[in-house]
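Okay, here's what each chain looks like letter by letter:
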Amino acid sequence: MRQAEGTARDPSHGAPFPFARAMAFGLGVLRLAPRDFWSMTPRELFYAAEGVYGKAPGAPSRAALDELMRRFPDSAGST
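Note on numbering: residues in each chain are counted from 1, in written sequence order. Restriction of local features to residues with pLDDT of at least 70 applies here, the model being predicted, together with a cutoff of 80 or more for giving and counting side-chain atom pairs; totals for whole chains, interfaces and linings are based on all residues. Note that water and hydrogens are dropped before the side-chain values are worked out from all heavy atoms of the structure.

> Quick question: what am I supposed to make of the layout of surface pockets here?
Any empty space left between the atoms is revealed when a probe the size of a water molecule rolls over them. Each pocket or cavity is described by its volume, and for the largest pocket that value is around 370 Å³. Whether a set of points on the 1 Å grid over the protein atoms alone is a cavity depends on a 1.4 Å probe fitting there but being unable to get out, while an open set qualifies as a pocket with protein on both sides within 12 Å along at least five of seven lines; lining residues are those with an atom within 4 Å of a point. Around the largest pocket, the lining comprises 13 residues; the ones closest to its centre are Arg21, Phe25, Leu45, Phe46 and Ala49. Elements with a contribution of two residues or more to the lining of the largest pocket: strand S2 (16-18), helix H1 (19-29) and helix H3 (42-53). In DSSP terms, a helix is any run of H or I states spanning at least four residues, a strand is any run of E spanning at least two, and both are numbered starting from the N terminus. The biggest single contributor to the lining of the largest pocket is H3, with six residues. When residue character is reported, Ala, Val, Leu, Ile, Met, Phe, Trp, Tyr, Cys and Pro are called nonpolar, Asp, Glu, Lys and Arg charged, and the others, Gly included, polar. When the residues that make up the lining of the largest pocket are grouped by side-chain class, the tally is 10 nonpolar, one polar and two charged. Grid points are joined across faces, edges and corners, and a volume is the space filled by probe spheres set on the points.

> Sorry if this is basic, but what is going on with a nonpolar patch on the surface here?
Note on patches: the residues involved have over 30% relative accessible area and no salt bridge, like charges join within 9 Å, and the nonpolar side chains Val, Leu, Ile, Met, Phe, Trp and Tyr join within 5 Å. Calculation of accessible area relied on Shrake-Rupley with a 1.4 Å probe; when residues are assessed, cover is drawn exclusively from the protein chains displayed. Note on definitions: salt bridges are taken to be side-chain nitrogens of Lys or Arg within 4 Å of carboxyl oxygens of Asp or Glu. On the surface, Met23, Leu27 and Trp38 cluster together to form a nonpolar patch covering roughly 280 Å² of accessible area. Inspection of the secondary structure assignment puts Trp38 in helix H2 (residues 34-39). Each residue's exposure class comes from its accessible area (1.4 Å probe, protein chains only) as a fraction of the maximum for that residue type: buried when under 20%, exposed when over 50%, partly exposed otherwise. Exposure remark for Trp38: the relative accessible area of 52% places this residue in the exposed category.

> Help me out: how do you make sense of the environment of Trp38 in this one?
In this structure the C-alpha to C-alpha distance between Trp38 and Met23, which are 15 residues apart in sequence, comes to 9.1 Å. Throughout, a contact is declared for two residues whenever any of their heavy atoms are within 4.5 Å. Leave out the neighbours within four places in its chain, and Trp38 touches Phe19 and Met23.

This is the structure we're talking about:
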C-alpha cells in the first residue's frame, strides 16, 4: 500500500498523520514561523486548532442514542 504524500503512519492508530493539513493550519491559519510550527508538539497544535475552531462534539450519550432510536425507529420497509 502506498502512503499518501505529506503523511506519516502512526502504528498505534493505523491512520496517517495529516502533515499537509497540519502545516496548512499552523503556517497558514495561525501564521506561525516555520521554526515555531516545527517546535510545537502535536498536542499543542491540537489545542491551538481547538482554540480557533472550538471543541469537537463528542459522541451522544447512551440515553440520547436510545431516545433517538425510540423517536426514529428503523422501519421494516426501508433499505
